[in-house]
Amino acid sequence: MANTAHALHILVKHKEIAEDIIKQLGKGAKFQTLAKKYSSCPSGKKGGDLGEFRRGQMVSQFDKVAFSGAILEPHLVKTKFGWHVIKVLYRT
């Protein structure tokens, strides 16, 4: 079982925007470019890079995807902060 994960994310207020971002990614858009354009999280300035984090550091909905979702695929997650498009780069 992995104890750490490294992920990118884009935080937006509306589900429709998050879904559109996932469509753009499917058409080949770069995650980092979209993060800089759309994300309301300070990590957006770094292309959405959250770096490596430990299990339990993120809110539970985010943690679940970070530690059990498919790697390198965009995931849509709703938390108290808004809608996240999450891309897990790796787990250790």
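About the criteria used
Residues numbered from 1 in each chain as written. Predicted model: local features only at pLDDT ≥ 70, side-chain atom pairs only at ≥ 80, totals over all residues. Heavy atoms only, no water. UniProt positions renumbered as here; feature names shortened; annotations may be inferred. Helix = DSSP H or I, 4+ residues; strand = E, 2+ residues; numbered from the N terminus. Polar contact = N/O pair within 3.5 Å; in protein donor to acceptor, adjacent residues only side chain to side chain. Contact = heavy atoms within 4.5 Å. Pairing = 2+ DSSP bridges. Buried < 20%, exposed > 50% of the residue type's maximum accessible area, 1.4 Å probe, protein only. Axes fitted to C-alpha atoms, helices over the stretch in contact; angles between N-to-C directions. Salt bridge = Lys/Arg side-chain N within 4 Å of Asp/Glu carboxyl O.

1. Points about the UniProt feature "domain: PpiC" (unreviewed entry) in the chain
Logical step 1: Per the UniProt record, the feature "domain: PpiC" (unreviewed entry) sits at residues 2-90.
Logical step 2: Along residues 2-90 one finds 33% helix and 34% strand; the C-alpha atoms at either end are 10 Å apart.

2. Things to note about the side chain of histidine 6
Logical step 1: Residue placement: histidine 6 occurs in strand E1 (residues 4-12).
Logical step 2: In this structure the side chain of histidine 6 is engaged in a polar contact, spanning 2.8 Å, whose partner is the side chain of aspartate 49.
Logical step 3: Sequence-distant contacts of histidine 6, that is, excluding residues within four places in its chain, are made with Asp49, Gly51, Glu52, Phe53, Lys87, Val88, Leu89 and Tyr90.

3. Side note on the pairing of strand E4 (residues 82-91)
Logical step 1: In this structure, E1 lies alongside E4, joined through eight bridges in antiparallel fashion. Following the sheet pairing, valine 12 is matched in E4 by tryptophan 83.
Logical step 2: Relative to E4, strand E3 (residues 74-79) runs antiparallel, the two being bridged by six bridges. Each residue of the ladder has a partner; that of threonine 79, found in E4, is glycine 82.
Logical step 3: Where E3 folds back onto E4 in an antiparallel hairpin, the turn is made up of two residues.

4. Remarks on the environment of asparagine 3
Logical step 1: Relative to the assigned elements, asparagine 3 resides in the segment before E1.
Logical step 2: On the basis of relative accessibility, which here comes to 49%, the residue asparagine 3 falls in the partly exposed class.

5. Re the sheet that holds strand E2 (residues 49-54)
Sheets are built from strands paired through backbone hydrogen bonds, the pairs being either parallel or antiparallel.
Logical step 1: An order of E2-E1-E4-E3 is seen for the four strands of this open sheet, with the pairing classed as antiparallel. Pairing within the sheet leaves two strands with one partner each, and these edge strands are E2 and E3. Averaged over all neighbouring strand pairs, the angle between strand axes comes to 40°, with direction disregarded.
Logical step 2: As paired elements, E1 and E2 share four bridges and run antiparallel to each other. Pairing of histidine 6 across the sheet is with glutamate 52, part of E2.

6. Here's the deal with the pattern of salt bridges
Logical step 1: Within the structure shown, the criterion is met by one salt bridge.
Logical step 2: In this structure, glutamate 19 and lysine 15 form a salt bridge, with 3.9 Å as the shortest nitrogen-oxygen distance. Of the two residues, glutamate 19 and lysine 15 are both situated in helix H1 (residues 15-26); the distance of four residues between them amounts to about one turn of the helix.
Logical step 3: A relative accessible area of 34% places glutamate 19 in the partly exposed class.

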